[in-house]
Amino acid sequence: MTDEARLKALMLRGLAGEAAAQGQLLSALSGYLRGYFGRRLGAGAADVEDLVQDTLLAIHLKRAAYDPAQPFTPWAYAVARYKLIDHYRRQGVRQAVPLDDAGDLFAQDNPEEGAVRRDVSQLLATLPERQRKLMIDVKLHGHSMEEAAQRSGMSVSAVKVSLHRGLKALSRKVLGEAAKSGEPHED
Amino acid sequence: MKTDALIAALAADTAPVPAGAVGRRLRLAAALGCVGGLVILLAWLGVRHDLMPAMRTPGFWIKAGYTLWLSLGGALLIARLARPGGRAGPATPILAAGLIAIVLLGAVFLVAAPADQRAVMVMGHSWRLCPWRILVIAAPVFAALIWGLRRFAPTRLTLTGAAAGLLAGALGASVYGLACTESSPTFVAIWYTLGISLCAAIGAASGRWLLRW
């Protein structure tokens, strides 16, 4: 079953007053939301969980504003996107959030890809804040080094150096973990 | 609070939601607002004395038709924008058609009028007052619409605010039509449009604050 069919069925049962379905829906959404906000704010950022909770609350309280004749996932995405923009605004950041479709929120269709993404965020979380932001900007979101430099207020060459070091640190970590799991005695 | 605890608390609070709640709530808000506008009109200006004979003239119905048409477009616009991710949709061409029609009518009547009548066609006798009166009568409608919208979840706040202002202005202008004795479509095309636009502009400027959730 697709995300849309599964989640919409839960939403409709929740609208009919079924508490268990509403709980399942919110649990399922919380996973997607964590991934979505994590990708936007940098995995492991402190505000990700606040945003997840804020959005779940809004989705629950604003249920009446869902039209059952319409698909559910774009509706949920619109709420999440609104909360993200609101978050940026409160922080005084002027940041454009692309108006892409709901696919952005429900990106983890296959669980393996989700697992990989989780691994990447865990690894990234081990880097220092500034370096992590640069890595996410350039390596994951595909911004140019110039853009990343402008955003972080660093020079382009400093960005290059920082990225290089970040990549090295990450590859050391990955290799280190691989070596460890190859030798069960050290576990 | 842990997210899982929050989810459990929210799920426990799940009550059935009746279908069509958005539309009902907004219709109620618009109706209450119009009653408020009517009360202001009656207390302040009173209904025009020649209302009955005026209702047999085309000038009265062109005016009423224009403001009611814009109300219809504004209502459609709001019903869509009240929902997350809502877009303007078919309301835009409806509103544009109303505006184009009144401008064309106003131009035709103006060109057809004798030269010495044209200044009166444009200015009437109340051009200074008309937009402001519309604004005052629209105020309760706007307040009621904002009250109705706050229960919902518009995600484009400036646009939704503008739509609420537009609908309030159009409904307020419809109510004001009961008192206004101007009959020239040219006058309506200019001063009514200005009054309604003023309401929409105020709505656009305040939407971000009034409608945030």
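Details of the structure are given in the entry above.
Presented here is a report on the structure given in the accompanying data block. Treat the numbers as computed from the prediction; the structure is a model and nothing was measured.

1. As for the environment of T3 of chain B
So, step 1. With respect to the element layout, T3 of chain B can be found in helix α1 (residues 3–12).
So, step 2. With 25 residues separating them along the chain, T3 of chain B and L28 of chain B place their C-alpha atoms 36 Å apart.
So, step 3. If we skip the residues at most four places from it in the chain, T3 of chain B touches S30, R34, E49, V52, Q53 and L56 of chain A.

2. Some points on the nonpolar core
So, step 1. Counting 88 residues, the largest nonpolar core has L29, F37 and F72 of chain A together with L145, Y176 and Y192 of chain B as the members making the most contacts within it.
So, step 2. Not counting residues within four places of it along the chain, the set of residues in contact with Y192 of chain B comprises K63, Y66, T67, C130, I134, A173, Y176, G177, C180 and F187 of chain B.
So, step 3. Counting 14 residues, the second largest nonpolar core, distinct from the first, contains L124, I136, A148 and A169 of chain A.

3. Here's the deal with the pattern of salt bridges
Side-chain pairs of opposite charge can arise whenever the charged atoms involved come near each other.
So, step 1. Tallied over the full model, the rule gives 10 salt bridges over all chains.
So, step 2. With a closest N to O distance of 3.3 Å, E129 of chain A and R132 of chain A form a salt bridge. Of this pair, E129 of chain A and R132 of chain A both sit in helix α6 (residues 129–140), separated by 3 residues, roughly a single helical turn.
So, step 3. Taking relative accessible area as the criterion, E129 of chain A reaches 43% and is therefore assigned partly exposed.
So, step 4. Judged by relative accessible area, R132 of chain A falls into the buried class, the value being 8%.
So, step 5. Where salt bridges share partners, they join D86, R89 and R90 of chain A together with R212 of chain B into one cluster.

4. Some details on the packing of helix α3 (residues 47–61) of chain A against helix α4 (residues 73–90) of chain A
Residue and element names in this part refer to chain A.
So, step 1. In the contact formed by α3 and α4, the axes pass within 10 Å of each other and the chain directions differ by 130 degrees. By the criterion of interaxial angle, the relationship of α3 to α4 is oblique. When you trace α3 past α4, the crossing you get is right-handed. Residues D47, L51, D54, T55, A58 and I59 of α3 form the contact with α4, whose participating residues are W75, V79, A80, K83, L84, H87 and R90.

5. Some thoughts on the interface of chain B and chain A
So, step 1. Contact with chain B, which involves 29 residues of that partner, is made by 34 residues of chain A.
So, step 2. Where chain B abuts chain A, roughly 2,500 Å² becomes buried across the two surfaces, and 63% of that area is made up of carbon and sulfur atoms.
So, step 3. Ranking the residues of chain B by area buried against chain A places I7, T14 and W213 of chain B at the top, with a combined share of 24%.
So, step 4. Across the contact surface, chain B and chain A share 2 salt bridges.
So, step 5. Its salt-bridge partner being R212 of chain B, residue D86 of chain A comes within 2.9 Å of it at the nearest N-O pair.
So, step 6. Summed over the shared surface of chain B and chain A, the number is 12 residue pairs in polar contact (both at pLDDT 80 or more).
So, step 7. Class assignment for the residues of the side of chain B that touches chain A results in 17 nonpolar, 4 polar and 8 charged.

The rules behind these values
Residues numbered from 1 in each chain as written. Chains lettered and ligands numbered in written order. Predicted model: local features only at pLDDT ≥ 70, side-chain atom pairs only at ≥ 80, totals over all residues. Heavy atoms only, no water. Helix = DSSP H or I, 4+ residues; strand = E, 2+ residues; numbered from the N terminus. Contact = heavy atoms within 4.5 Å. Core = buried A, V, L, I, M, F, W, Y, C linked by side-chain atoms within 4.5 Å. Buried < 20%, exposed > 50% of the residue type's maximum accessible area, 1.4 Å probe, protein only. Salt bridge = Lys/Arg side-chain N within 4 Å of Asp/Glu carboxyl O. Axes fitted to C-alpha atoms, helices over the stretch in contact; angles between N-to-C directions. Parallel < 35°, antiparallel > 145°, perpendicular 65-115°, else oblique. Left-handed = near helix turned anticlockwise from the far one by under 90°. Buried area = accessible area lost by both parts, 1.4 Å probe. Polar contact = N/O pair within 3.5 Å; in protein donor to acceptor, adjacent residues only side chain to side chain. Nonpolar A, V, L, I, M, F, W, Y, C, P; charged D, E, K, R; others polar.

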